[in-house]
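Summary of the model geometry
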Amino acid sequence: MTKVTVWNENRHEQSNEEVKKIYPEGIHGAISKFLSKANFEVRTATLDEPEHGLTDEVLENTDVLIWWGHLAHHEVEDRVVKKVQNRVLDGMGLIVLHSGHFSKIFKTLMGTSCDLKWREANETERLWVADPSHPIAEGIGEFIQLEKEEMYGEHFDIPAPDELVLISWFEGGEVFRSGCTYRRGKGKVFYFRPGHETYPTYHNEQIQRVIVNAVNWAKPVKREKPVYGNAKPLETLTVKS
């Protein structure tokens, strides 16, 4: 069974009554609930836990890590970021949600500022499926429409995605690369844009389907670990004078 850890800084839920009403068990609670129904083994972790809930034991027993952060990116300890980076390079999947684009771990893996345009104006968002053959898009129609969301707009300062699965259009006219895949080392990374804390986005069944699909896509491939460093020849070398 695929082991998933849902990480959330869990700060808006403590201070914003509107967010509390939408996500009474926290954003991490809402996400873990539908992932559990999809037959994943799910645990949660939050910023204020020791080691941000991401101990060596937790990370070693995580196939896919889901990351949601916003207010407190700067509070995530660099040593924890390094541990997560190493686990991704070693094969753990990583799904970065919404404002996690500015998280230390995503910027570390991308090597860019990951900056963008944004606006909060209760706008309609239409997420178009740009790659209908991709497994992350399985079970999704031509687009997903969200009646109210925060706008993110181009230019999104990220490396060119390995695969572009979803493109958003917003009521104000902007577009955005909203579903991007990357491979880093032996791990897979998926950035998925929607999920502003004051909207019930993670209660939307199609959004849930994308995240479930992404977990199945990002989980580690079972194979022997490659050997690095100085290597002995597989064949007999002919000595050349």
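Up top is the structure these notes are about.
Now for a description of the structure that goes with this document. Worth saying up front: this structure is predicted, and the values here are computed from it rather than measured.

**Points about the packing of aromatic side chains**
Considering all chains together, one arrives at 8 aromatic pairs under this definition. An angle of 20° between the planes, with centres 4.0 Å apart, marks the rings of W7 and W67 as stacked. Here W7 is found in strand 1 (residues 3–8), whereas its partner W67 is found in strand 3 (residues 64–68), with 60 residues between them in sequence. In this pair, the class of W7 matches that of W67, namely buried. In textbook terms, an aromatic cluster arises when at least three aromatic residues are bridged by ring pairs, as seen for F106, Y152, F156, F176 and Y191. Note that R193 overlies the ring of Y152, its terminal NZ or CZ placed 4.9 Å from the centroid.

**Quick word on a nonpolar patch on the surface**
Together, W128, F143, I167, W169 and V175 line one region of the surface with nonpolar side chains, adding up to about 400 Å² of accessible area. Relative to the elements of secondary structure, V175 occurs in strand 8 (residues 175–184).

**Thoughts on the nonpolar core**
Core analysis: the biggest nonpolar cluster contains 36 residues, and I31, L35, I66, L97, F192, Y202 and I211 have the highest contact counts within it. Top element by residues in this core is helix 7 (residues 205–218). It accounts for 8 residues. Apart from the residues lying within four places of it in its own chain, the contact partners of F192 are V96, L97, H98, L127, L166, S178, I207, V210 and I211. Counting 33 residues, the second-largest nonpolar core is a separate cluster that includes L59, V81, M92 and F106.

**Notes on the sheet that holds strand 6 (residues 143–153)**
The 9 strands are arranged 2-1-3-4-9-8-7-5-6 in an open sheet whose pairing can be described as mixed. Each end of this open sheet is capped by a strand with a single partner; those strands are strand 2 (41–46) and strand 6. Averaged over all neighbouring strand pairs, the angle between strand axes comes to 25°, with direction disregarded. Summarising the sheet, strand 8 and strand 9 (residues 187–192) pair through 6 bridges and their orientation is antiparallel.

**Section: the side chain of Q85**
Counting through the fold element by element, Q85 comes out in helix 5 (residues 78–89). If sequence neighbours within four positions are ignored, Q85 has contacts with I105, T108 and L109.

**Digging into the layout of surface pockets**
Counted as a void, the largest pocket has a volume near 200 Å³. If you trace the largest pocket, you find 13 residues lining it, with H70, H101, W118, E150 and Y152 closest to the centre. The set of elements that each furnish at least two residues to the lining of the largest pocket consists of strand 5 (117–129) and strand 6. When the residues that make up the lining of the largest pocket are grouped by side-chain class, the tally is 4 nonpolar, 6 polar and 3 charged.

**Comments concerning helix 3 (residues 26–37)**
Counted at 1.5 Å a residue, the expected span for helix 3 with its 12 residues is 16 Å, and the 17 Å between its end C-alpha atoms agrees. Inspection of helix 3 places G26, I27, H28, G29, A30, I31, S32, F34 and L35 among the buried residues, and these make up the whole buried set. The inward-facing, buried residues of helix 3 abut strand 1, helix 1 (12–15), strand 2, strand 3, strand 4 (93–97) and helix 7.

**Examining the pattern of salt bridges**
Applying the stated rule across the entire model yields 15 salt bridges. The salt bridge partner of K83 is E51, with a shortest N-O separation of 3.0 Å. With K83 in helix 5 and E51 in the loop between strand 2 and helix 4 (56–60), this pair connects stretches of sequence that are 32 residues apart. The class of E51 is partly exposed, set by a relative accessible area of 29%. Between K104 and D78 there is a salt bridge whose closest N-O contact spans 2.8 Å. Here K104, found in helix 6 (residues 104–110), pairs with D78, found in helix 5; they are 26 residues apart in sequence, far enough to count as distant. Through salt bridges that share partners, E51, D56, E77, R79 and K83 make up one connected network.

**Topic: the environment of E205**
By the secondary structure assignment, E205 is in helix 7. For the pair formed by E205 and V215, sequence separation is 10 residues and the distance between their alpha carbons is 15 Å.

Procedures and definitions
- Residues numbered from 1 in each chain as written.
- Predicted model: local features only at pLDDT ≥ 70, side-chain atom pairs only at ≥ 80, totals over all residues.
- Heavy atoms only, no water.
- Phe/Tyr/Trp six-rings, centres within 6.5 Å; stacked < 30°, edge-to-face > 60°.
- Helix = DSSP H or I, 4+ residues; strand = E, 2+ residues; numbered from the N terminus.
- Buried < 20%, exposed > 50% of the residue type's maximum accessible area, 1.4 Å probe, protein only.
- Lys NZ or Arg CZ within 6 Å of the ring centre and 35° of its normal.
- Patch = residues over 30% accessible without salt bridge, like charges linked within 9 Å, V, L, I, M, F, W, Y side chains within 5 Å.
- Areas by Shrake-Rupley, 256 points an atom, 1.4 Å probe, with all protein chains shown as cover.
- Salt bridge = Lys/Arg side-chain N within 4 Å of Asp/Glu carboxyl O.
- Core = buried A, V, L, I, M, F, W, Y, C linked by side-chain atoms within 4.5 Å.
- Contact = heavy atoms within 4.5 Å.
- Pairing = 2+ DSSP bridges.
- Axes fitted to C-alpha atoms, helices over the stretch in contact; angles between N-to-C directions.
- 1 Å grid on protein atoms, 1.4 Å probe; cavity = no way out; pocket = protein on both sides within 12 Å on 5 of 7 lines; lining within 4 Å.
- Points joined across faces, edges and corners; volume = space filled by probe spheres on them.
- Nonpolar A, V, L, I, M, F, W, Y, C, P; charged D, E, K, R; others polar.
- Expected span 1.5 Å × (residues − 1).

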